[in-house]
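Residue-level structural notes
These are the residues of each chain, in order.
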Amino acid sequence: MKKITIAIDGYSSTGKSTVAKQLADYLGYVYVDSGAMYRAVTLYAMQRGIISKEHFDAQKLIASLPSIDLRFEKKSAWNKAHIYLNGKDVENEIRNLEVSEFVSPIATIHEVRVKLVAQQQKMGLEKGVVMDGRDIGTVVFPKAELKIFMNASANERAQRRYKELLDRGEVVEFKNVLKNIEDRDHIDTTREDSPLVKAADAIEIDNSEMNLDDQFHTVLQLAKDRI
Ligand code: C5P
């Protein structure tokens, strides 16, 4: 069977990563959560006071980029790979609402994108990869054999994300989660460098009314048609 590259893009909290991981496991492909990389850079910037509610020193972050090392490592064959920032597992820390609030401004920085896109392209050199994000089908793998663009209403996405954060034990208000999703959508779609946009050859899936099983089987069939 030939190996292909699968790009899954879409708005925040559309469930891209769940379906991408399921698909990669089923096909025996590598799954890469590109958002985790932007989140880890954001965590680095927060830890060093480069970004806070009061200030953001983009030049300092750009100067620090060579000392940011990102790696994915799997704890076991069936688990999702965790992201390591300079040797430390930060998979859990990068998911909180504070990181979510700073990540989109960080992701507008051209130099950050250049570094992360190069690493992502390296990870996909041998194909057999499912990567999710915002610019995978447009910038990272413009020649991907399968491109999916996931969508769902902002309210539905916020409900899912809110539940996820509560399950993790975070104390959050629904209105703040919804606002964060709307803010990130706005920044991600209007930024100058690699804005979130559906690639011309991507297949759009609105999953507002779909369960996980339906989504998985829809995407799996599309992949099988191309393998
Ligand atoms: O996918 P996730 O929601 O974890 O991504 C967090 C943020 O990282 C997005 O809101 C976006 O600003 C940025 N991102 C990006 N390009 C990617 C993946 C994520 O700009 N390929």
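Along each chain, the written sequence defines residue order, and numbers are assigned to residues from 1. Two thresholds apply to this predicted model, a pLDDT of at least 70 for residue-level local features and 80 or more for giving and counting side-chain atom pairs, whereas whole-chain, interface and lining totals are computed over all residues.

Describing the packing of helix H4 (residues 97-106) against helix H8 (residues 174-190)
- Here an axis means a line fitted to C-alpha atoms, over the contact stretch when the element is a helix, while the angle between two N-to-C directions is reported on a 0 to 180 degree scale. Helix and strand labels come from DSSP, where a helix needs a run of H or I of at least four residues and a strand needs a run of E of at least two; each type is numbered from the N terminus. Contact pair H4 / H8: the axes reach a minimum separation of 9 Å and the direction vectors enclose 15 degrees. As summarised for this structure, H4 and H8 are arranged roughly parallel, according to the angle between their axes. For the pair H4 and H8, the sense of crossing is left-handed. In contact with Leu97, Ser100, Glu101, Ser104 and Pro105 of H4, H8 contributes Asn176, Asn180, Asp183, Arg184, Ile187 and Asp188.
- Residues were grouped as follows: Ala, Val, Leu, Ile, Met, Phe, Trp, Tyr, Cys and Pro as nonpolar; Asp, Glu, Lys and Arg as charged; and all remaining residues, including Gly, as polar. Looking at the contact of H4 with H8, its residues break down into three nonpolar, four polar and four charged. Throughout this description, any angle smaller than 35 degrees is read as roughly parallel, any larger than 145 degrees as roughly antiparallel, any in the 65 to 115 degree range as roughly perpendicular, and the remainder as oblique. Crossings are assigned a handedness: left-handed for a near helix turned anticlockwise from the far helix by less than a right angle, right-handed for a clockwise turn. This entry defines residue contacts through backbone-placed C-beta atoms, with two residues in contact when those atoms are within 7 Å.

Remarks on the UniProt feature "binding site: ATP" (unreviewed entry) in the protein chain
- UniProt positions are given in the numbering used here, feature names are shortened, and annotations may be inferred rather than shown by experiment. Sequence positions flagged by UniProt for "binding site: ATP" (unreviewed entry) are, in local numbering, Gly10, Tyr11, Ser12, Ser13, Thr14, Gly15, Lys16, Ser17 and Thr18.
- Considering the arrangement of structural elements, one finds threonine 14 in the loop between strand E1 (5-10) and helix H1 (16-27).
- One can find lysine 16 in helix H1.
- Around each residue's C-beta, the other C-beta atoms within 10 Å are counted; 20 or more make the residue buried, 12 or fewer make it exposed, and counts in between make it partly exposed. All C-beta atoms are placed from the backbone. Among the residues examined, lysine 16 registers 28 C-beta atoms within 10 Å and is labelled buried.
- Look past the residues within four positions of lysine 16 in its chain and what remains in contact with it is Ile8, Gly10, Asp132 and Met150.

A short note on the packing of helix H7 (residues 154-167) against H8
- Across the interface, H7 lies against H8 with an axial gap of 9 Å and an inter-helix angle of 125 degrees. Classed by the angle they form, the pair H7 and H8 counts as oblique. For the element pair H7 and H8, the recorded crossing hand is right-handed. In contact with Ala154, Arg157, Ala158, Arg161, Tyr162 and Leu165 of H7, H8 contributes Phe174, Val177, Leu178, Ile181 and Glu182.
- A breakdown of the residues in the contact of H7 with H8 according to their chemical character gives eight nonpolar, no polar and three charged.

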